[in-house]
Amino acid sequence: MEENFQHLQATFMEKYYGEFEDSEENKLVYTDMFIEYNNLIETYLQQSLSHRITGFCMADFVRQLSSSPSTLEGEVFEILLSFSDFMAFKEMMLDFKAQKEGRIVDFSSGMSITAMSSSVPLGTEMQL
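This one's a predicted model, so the numbers in the text were calculated from it and none came from an experiment.

Things to note about the nonpolar core
Okay, so step 1: Membership of the largest hydrophobic core comes to 21 residues, with the highest contact counts inside it found for Phe12, Phe20, Tyr37, Phe89 and Met93.
Okay, so step 2: Where this core is concerned, the elements lending two or more residues are helix H1 (3-16), helix H2 (28-52) and helix H5 (86-100).
Okay, so step 3: Of the residues forming this core, the biggest block, seven residues, is contributed by H2.
Okay, so step 4: Apart from residues no more than four positions distant in its own chain, Met93 is found in contact with Phe12, Met13, Tyr16, Tyr17 and Phe20.

Brief notes about the packing of H1 against H5
Okay, so step 1: Close contact between H1 and H5 brings their axes to 10 Å; oriented N to C, the two are set at 75°. What the angle tells us is that H1 and H5 run roughly perpendicular. Across the interface between the two elements, Gln9, Ala10, Phe12, Met13, Glu14 and Tyr16 of H1 pack against Phe89, Met92, Met93, Phe96 and Lys100 of H5.
Okay, so step 2: Classifying every residue of the contact of H1 with H5 by side-chain character gives eight nonpolar, one polar and two charged.

A few points about the packing of aromatic side chains
Okay, so step 1: Summed over the entire model, instances satisfying the criterion amount to 13 aromatic pairs.
Okay, so step 2: Geometrically, the ring pair formed by Phe12 and Tyr37 is tilted, given 5.2 Å between the ring centres and 50° between the ring planes. Here Phe12 is found in helix H1, whereas its partner Tyr37 is found in helix H2, with 25 residues between them in sequence. There is no split in this pair, since Phe12 and Tyr37 are both buried.
Okay, so step 3: Put simply, the rings of Phe5, Phe12, Tyr16, Phe20, Tyr30, Phe34, Tyr37, Tyr44, Phe83, Phe86 and Phe89 pair up and form one aromatic cluster.

Rules behind the numbers
- Residues numbered from 1 in each chain as written.
- Predicted model: local features only at pLDDT ≥ 70, side-chain atom pairs only at ≥ 80, totals over all residues.
- Heavy atoms only, no water.
- Core = buried A, V, L, I, M, F, W, Y, C linked by side-chain atoms within 4.5 Å.
- Buried < 20%, exposed > 50% of the residue type's maximum accessible area, 1.4 Å probe, protein only.
- Helix = DSSP H or I, 4+ residues; strand = E, 2+ residues; numbered from the N terminus.
- Contact = heavy atoms within 4.5 Å.
- Axes fitted to C-alpha atoms, helices over the stretch in contact; angles between N-to-C directions.
- Parallel < 35°, antiparallel > 145°, perpendicular 65-115°, else oblique.
- Nonpolar A, V, L, I, M, F, W, Y, C, P; charged D, E, K, R; others polar.
- Phe/Tyr/Trp six-rings, centres within 6.5 Å; stacked < 30°, edge-to-face > 60°.

Written as structure tokens, this is what we have:
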């Protein structure tokens with residue numbers, strides 16, 4: 001994703017992650033945060049797409065997405081649809097909170113992949 005978008009999202013999560021608790025019950029304040037997040041994302045998308053596509057209209061775009069959700073495939077559409085999914089939002093906030101509090105272990109550091117094909121000499125490793 002674009003760096004500006006990642007910064008926007010990280011700034012939002014930084015502002016609110018402390019409010020979230022990993023429980024079945026959802027606080028009423030989560031709704032306000034979710035609405036704010038949706039407005040933030042929609043404004044960003046509107047501005048970005050308007051800059052790139054002459055005559056772009058967010059209302060028409062949303063209407064087109066909503067009218068035939070079964071025909072939408074691929075990671076881009078999954079990401080777009082996840083922005084309006086409250087449970088995905090809550091999970092994102094809880095994951096960010098766990099990361100900030102050091103409760104997530106990064107297993108990617110120090111990993112290596114060893115080739116199993118005969119075209120690469122045995123013992124050759126690729127660092128990630």
